Amino acid sequence: MTEDEVLISKEELVKLLEELKVPLSESTPKDDEMEEEIRIHFWDYIWKDIVASGKVYNTKVTYQISIIADKPRHPKLLELKKKLNEKGYFPIIEIEHITATRRIHSFFSLDVLENIGE
């Protein structure tokens with residue numbers, strides 16, 4: 001982590017996602033959750049220790065944020081992008097069309113500050 005890198009905390013991330021008022025799960029998507037208009041899933045997949053002294057958090061955790069929606073550029077996806085941009089986060093959002101289920105999967109990674117193991 002560089003000195004000038006600004007990261008969101010886990011608490012801030014959850015609050016921001018909850019503000020969207022859509023179904024939200026801290027887990028990978030399950031088949032029976034795919035038919036909703038929109039749903040957000042997020043989960044961690046990289047932990048990197050922060051070893052500098054005096055830090056409030058001890059780990060930089062990378063999360064995948066997945067938005068599964070019934071249409072491209074869903075208004076809640078655009079709202080999430082705007083909220084992140086306003087806080088200084090500019091993730092690269094990838095988009096895939098799932099033709100079998102006629103769903104749109106938008107996803108990105110975000111580095112988050114956490115205390116792991118405490």
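This write-up is about the structure you can find in this document. Source: prediction; values computed, not measured. Per chain, the residues get numbers from 1 upward, laid out in the order the sequence is written. Totals for whole chains, interfaces and linings use all residues, but because this is a predicted model, local features are given only for residues with pLDDT of at least 70 and pairs of side-chain atoms are given and counted only at 80 or more. The side-chain quantities take in all heavy atoms of the structure and omit both hydrogens and water.

Notes on unusual backbone geometry
Note: most peptide bonds trans; most residues except glycine with negative phi. With phi around 55°, Lys21 is a residue other than glycine that occupies positive phi space. We note that Arg102 has phi near 55°; this positive angle belongs to a residue other than glycine. Summarising the element assignment, Arg102 is placed in the loop between strand S5 (94–98) and strand S6 (103–114). In this description a helix means any DSSP run of H or I spanning at least four residues, a strand means any run of E spanning at least two, and both kinds are numbered starting from the N terminus.

Some remarks on helix H1 (residues 10–18)
The complete set of buried residues in H1 reads Lys10, Leu13, Leu16 and Leu17. Considered in projection along H1, the buried side chains sweep an arc of 130° and stay on one side of the axis. With respect to the buried face of H1, the exposed residues turned more than 90 degrees away are Glu11, Lys15 and Glu18. Any two residues whose heavy atoms approach within 4.5 Å are treated as being in contact. Residues of H1 that are buried in the fold lie against strand S1 (8–9), strand S2 (24–25), strand S3 (38–49), strand S4 (59–69), helix H2 (75–86) and S6. Buried, partly exposed and exposed residues are distinguished by accessible area as a fraction of the type maximum, computed with a 1.4 Å probe on protein chains only: under 20%, between the cut-offs, and over 50%, respectively. It is the directions from the helix axis to the C-beta atoms whose arc is reported.

Section: the side chain of Ser66
Here Ser66 shows up in strand S4. Within the structure, Ser66 has its side chain in polar contact with the side chain of Gln64 (distance 2.7 Å). Excluding residues that lie within four positions of it along the chain, Ser66 makes contacts with Arg39, Ile40, His41, Trp43, His105, Ser106 and Phe107. Any pair of N or O atoms that falls within 3.5 Å is considered a polar contact. Within protein, one atom must be able to donate a hydrogen and the other to accept it, and sequence-neighbouring residues count only if both atoms are side-chain atoms.

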